[in-house]
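Given next are the chains, with one letter for each unit.
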Amino acid sequence: MQDPEPAAASDPESAAAPESGAQPTALPEAAPDPVPEAEAAHGVGPWPGGPAEWPSDERLDPELLAHGDRRNVVDRYRYWRMEAIVADLDSRRHAFHVAIENWQHDMNIGSIVRSANAFLAETVHIIGRRRWNRRGAMVTDRYQHVVHHETVADFAAWAAAERIPIIAVDNLDGAVPVDRAELPERCVLLFGAEGPGLSEEALAAASGHVEITQYGSTRSINAGAAAAVIMYEWCRRHGG
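My aim in this report is to walk through the structure given alongside it, one point at a time. Not measured: the values here are computed from a predicted model. (Residues numbered from 1 in each chain as written. Predicted model: local features only at pLDDT ≥ 70, side-chain atom pairs only at ≥ 80, totals over all residues. Heavy atoms only, no water.)

Observations concerning the environment of Val178
Looking at the secondary structure, you find Val178 in the loop between strand 6 (176–177) and strand 7 (187–191). Looking at Val178, the relative accessible area reads 7%, which means it is buried. Sequence separation between Val178 and Trp234 is 56 residues; the distance between their C-alpha atoms is 9.4 Å. Every residue in contact with Val178, bar those within four places of it in the chain, is listed here: Leu183, Val210, Glu211, Ile230, Glu233 and Arg237. (Helix = DSSP H or I, 4+ residues; strand = E, 2+ residues; numbered from the N terminus. Buried < 20%, exposed > 50% of the residue type's maximum accessible area, 1.4 Å probe, protein only. Contact = heavy atoms within 4.5 Å.)

Regarding the packing of aromatic side chains
For any pair of aromatic rings, the description consists of the separation of the ring centres together with the inter-plane angle of the planes. Taken as a whole and judged by the stated rule, the model has five aromatic pairs. Measuring from ring centre to ring centre gives 5.3 Å for Trp47 and Tyr79, while their planes differ by 65°; the resulting arrangement is edge-to-face. On the criterion of sequence distance, the pair formed by Trp47 in the loop between strand 1 (25–26) and helix 1 (62–67) and Tyr79 in the loop between helix 1 and helix 2 (82–90) is long-range, its members being 32 residues apart. Since its relative accessible area comes to 30%, Trp47 is described here as partly exposed. (Phe/Tyr/Trp six-rings, centres within 6.5 Å; stacked < 30°, edge-to-face > 60°.)

So, helix 2
Every buried residue of helix 2 is listed here: Ala84, Ile85, Val86, Asp88 and Leu89. Those residues of helix 2 that are buried are in contact with helix 3 (108–118).

Okay, structure coming up:
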């Protein structure tokens, strides 16, 4: 269970609810929140010398070559088309997935998606509300596979069909400290909403239950921070 954060701005659900079923639905289904990339902080200008000096590489975007690339990407991907970046990431993604229960439009979901991109997760699964607060993702959801499951049952059915064990992350009685717990190479790491934590249904669907060892006075740490710690621990053990 996580300590509550300030409530996010209201964001009504889409009028048409998705049909129930075990198959995940790719997200987003609507335009993302208007979050500009931090153009002033990083990036490169136009390719020197103009079009005559542009390299011959189909991965490169002529618009970026002409006007510069201020996106939130590592230098390796400067001037690359978005589709080319995603294809390259897909060729080397890690074997773990991340799942988040989304019952309260939690502001931490965007941060978790951003961390999932940083640690090269296979897919992020949003369970519950279809819409989620993208502000903290800093547009990394453009490069990260994100799918939707209407209910915990739908998500559990997907995991069972894929034979992927669900590892619940919450600091409740019976949880094993993650530094001493088994953390399968192929798994889905399941996180709850800020405040209430994981639902009873989600905990019941999990085959493992881990927590993060803490040393201070606070009862819990922020859900986004907890997700980053667990993903890093997976990469420490299994990442190439």
